[in-house]
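# Coordinate analysis (summary)
In case you want the letters, here they are:
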Amino acid sequence: MTDTMTPTATLTHTAALARLGHALSDETRARILLALREAPAFPSDLADALGVSRQVMSNQLACLRGCGLVEGVKEGRNTWYRLADSHLAPALDDLLRLVLVVDPACCSGEGCTCA
C-alpha cells in the first residue's frame, strides 16, 4: 500500500456503513434516499411519489432518521426531510454507477440467498 490510500476504517466507519447497508436493504428506504438526493420533501409528497401509505412513509423516515441518514426540518406545523449529510448524495450517485456481476445460480428470484 502507498501513503495515498485512505486511512484504516474505524469502528465508527464500519458502523456507519452498516447503517447505510441496513437502509439500502429495503426498497422503500432506498427509494426515499434516492428521492431526497434530488431535493428535500414533505413526507406526504414522498408517499404520493413513491406510491406508499403515509404510515409506511412515516415508519421508513423514522428508521432513516434513526440511522442518521435523513433529518427532519420543522416548518411551522409541518416537517420536511433532507439527507443528513451533504456527502450522501454524491455517494449514492457513485453507488448507482456500480456494475455488479450477479451469479444467476445464487440470485435468481425467490431462491436468492443474497437477501
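Residues numbered from 1 in each chain as written. Predicted model: local features only at pLDDT ≥ 70, side-chain atom pairs only at ≥ 80, totals over all residues. Heavy atoms only, no water.

## Details of the overall build of the protein
When its secondary structure is counted, the protein shows five helices and two strands. What you see in the protein, going N to C, is helices and strands ordered as α-α-α-α-β-β-α. Looking at the protein as a whole, 26% of its 115 residues qualify as buried. Pairs at least 24 apart in sequence give 48% of the contacts found in the protein among residues at least 6 apart. (Helix = DSSP H or I, 4+ residues; strand = E, 2+ residues; numbered from the N terminus. Buried < 20%, exposed > 50% of the residue type's maximum accessible area, 1.4 Å probe, protein only. Contact = heavy atoms within 4.5 Å.)

## Looking at the packing of helix H2 (residues 27-38) against helix H5 (residues 88-96)
In the contact formed by H2 and H5, the axes pass within 9 Å of each other and the chain directions differ by 120°. Classified by the interaxial angle, the pair formed by H2 and H5 is oblique. As H2 packs across H5, the resulting crossing turns out to be left-handed. Judged by residue contacts, Leu-33, Leu-34 and Arg-37 of H2 engage Leu-88, Ala-89, Leu-92, Asp-93 and Leu-96 from H5. For the contact of H2 with H5, the per-class residue count stands at six nonpolar, no polar and two charged. (Axes fitted to C-alpha atoms, helices over the stretch in contact; angles between N-to-C directions. Parallel < 35°, antiparallel > 145°, perpendicular 65-115°, else oblique. Left-handed = near helix turned anticlockwise from the far one by under 90°. Nonpolar A, V, L, I, M, F, W, Y, C, P; charged D, E, K, R; others polar.)

## Overview of the layout of surface pockets
One number sums up the size of the largest pocket: a volume of about 360 Å³. Forming the boundary of the largest pocket are 13 residues, of which Ala-16, Leu-17, Leu-20, Leu-69 and Leu-88 lie nearest the centre. Only helix H1 (11-24) and H5 provide two or more residues apiece to the lining of the largest pocket. Among the elements that take part in the lining of the largest pocket, H1 stands out by supplying five residues, more than any other. (1 Å grid on protein atoms, 1.4 Å probe; cavity = no way out; pocket = protein on both sides within 12 Å on 5 of 7 lines; lining within 4 Å. Points joined across faces, edges and corners; volume = space filled by probe spheres on them.)

## Here's the deal with the pairing of strand E1 (residues 70-75)
The sheet contact formed by E1 and strand E2 (residues 78-83) spans six bridges and is antiparallel. In the strand pairing of E2, Gly-72 is matched with Tyr-81. Between the end of E1 and the start of E2, which pair antiparallel, lie two residues, with Gly-76 showing a positive phi angle near 65°. (Pairing = 2+ DSSP bridges.)

## Quick look at the pattern of salt bridges
Following the criterion strictly, the structure yields five salt bridges and no others. Between Glu-38 and Arg-37 there is a salt bridge; the shortest N-O distance is 3.3 Å. Taking relative accessible area as the criterion, Arg-37 reaches 23% and is therefore assigned partly exposed. Close ionic contact of Arg-37 with Asp-93 constitutes a salt bridge, the shortest N to O distance being 2.6 Å. Taken together, the positions of Arg-37 in helix H2 and Asp-93 in helix H5 put the pair 56 residues apart, joining distant regions of the chain. The class for Asp-93 is partly exposed, based on a relative accessible area of 27%. Counted as one network, the salt bridges with shared partners bring together Arg-37, Glu-38 and Asp-93. (Salt bridge = Lys/Arg side-chain N within 4 Å of Asp/Glu carboxyl O.)

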